[in-house]
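# Descriptive analysis of the structure
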Amino acid sequence: MTLQIQDMVVEYRGAHGRMVRAVNGVSLDVAPGQVIGLVGESGCGKTSLARVAAGLLRPASGTVLLDGVPVAPLSWRRRASRELGLQMVFQNPYSSLNPRRRIVSQLMDGCPAELAGEQRRDFAVHQLERVGLSTDVVARYPHQFSGGQLQRIAIARALVARPSVLIADEPVTALDASSQVHVVTLLADLVRDSGMGMLFISHDLALVRHIADTTAVMYFGKLAEVAPSARLWERPAHPYTRSLMAAVPRVAAGAGLPEALPGEVPDPARPPQGCTFRPRCTHAAEICTKTPALVPHDGGLAACWLAGEPSIPVRS
Ligand SMILES: Nc1ncnc2c1ncn2[C@@H]1O[C@H](COP(=O)(O)OP(=O)(O)OP(=O)(O)O)[C@@H](O)[C@H]1O
Ligand SMILES: [Mg+2]
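Residues numbered from 1 in each chain as written. Chains lettered and ligands numbered in written order. Predicted model: local features only at pLDDT ≥ 70, side-chain atom pairs only at ≥ 80, totals over all residues. Heavy atoms only, no water.

## Topic: the overall build of the chain
Broken down by element type, the chain carries nine helices and 12 strands. Within the chain, counting contacts between residues at least 6 apart in sequence, those at least 24 apart form 63% of the total. In the form shown here, the chain has an accessible surface area of approximately 14,900 Å², with 52% of it arising from carbon and sulfur atoms. (Helix = DSSP H or I, 4+ residues; strand = E, 2+ residues; numbered from the N terminus. Contact = heavy atoms within 4.5 Å. Areas by Shrake-Rupley, 256 points an atom, 1.4 Å probe, with all protein chains shown as cover.)

Next comes the structure, spelled out in structure tokens:
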């Protein structure tokens, strides 16, 4: 199933009851077997977009379609999004597991309705095997696992619902470096083997580069750039993408600390006129006082008046 997010707008009530726009007109497709990476600084609206896509939050406007059929915003309790084939994996695996119940019974709850009795247990155990856990863990409780193991269990819990699209919001941010690699590799394998699509959200551009076919870069509620990951990494079109790349730590000896991104994300209550990255952009020109549209550029999309200008140096 293809997940289509169209013209999504998410607003929250801010100070003095004024509405603050967290997502401002984002469109994104996730096709079967495809990994879309969504990157951007803290507060740019990634989780808000994920939650409306999963039907957990009602957007101010915009549509979510699954294979062309609109998904109405649904409450998490009703679990209807699960039946529609959407599952979410969160940053903190504890948040999706009940501390007082054994792992296996929690997984069995999410099994397809047509399975009964022993079949449910077998199916749940099979999902645990798929995420690389041995079957002797089934009778344990959540506190008896490490963070990396728990995130695998949370993924297994999502898999029992046989999702056609998995939305993973910072699934490895809370894990140590080696568990991060294991869980990301696991997710990539699952997508390859099952043909499900995945929206993989992370503020870590280096990680996304390895797993995502296409990378979408979000800034201040909008997409700044969308491109095949290899192209994005080789020839970033948007100055914001370049700044994010320059901020990726390098492990090489003598590499020093990465460059911090200059300036700060604007205050959502007072959005800048024109291009919202303009106050932080070292290349801003007169034209940037007008809002750039997200238009085709170099095999992808970019929202920058100066995208592709040879005068913009690649900061690497
Ligand atoms: N429930 C809420 N009520 C009010 N404002 C909110 C709410 N949730 C998020 N926001 C605001 O919306 C904006 C986007 O938040 P969001 O959590 O979507 O960002 P994010 O990109 O996921 O950030 P992070 O990388 O830190 O997870 C932020 O300015 C945030 O303060
Ligand atoms: Mg978030």
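Continuing now.
## Remarks on the pattern of salt bridges
Counting across every chain of the model gives 11 salt bridges. A salt bridge links Arg-21 to Glu-11, with the nearest nitrogen and oxygen atoms 3.0 Å apart. Of this pair, Arg-21 sits in strand β2 (residues 19-30) while Glu-11 sits in strand β1 (residues 3-13); the two residues are 10 residues apart in sequence, bridging distant segments of the chain. Judged by relative accessible area, Arg-21 falls into the partly exposed class, the value being 41%. Residue Arg-231 is joined to Glu-225 by a salt bridge in which the shortest nitrogen-to-oxygen separation is 3.2 Å. Across this residue pair, the class does not change: Arg-231 and Glu-225 are buried. Linked by salt bridges that have partners in common, Glu-225, Arg-231, Glu-234, Arg-235 and Asp-298 make up one network. (Salt bridge = Lys/Arg side-chain N within 4 Å of Asp/Glu carboxyl O. Buried < 20%, exposed > 50% of the residue type's maximum accessible area, 1.4 Å probe, protein only.)

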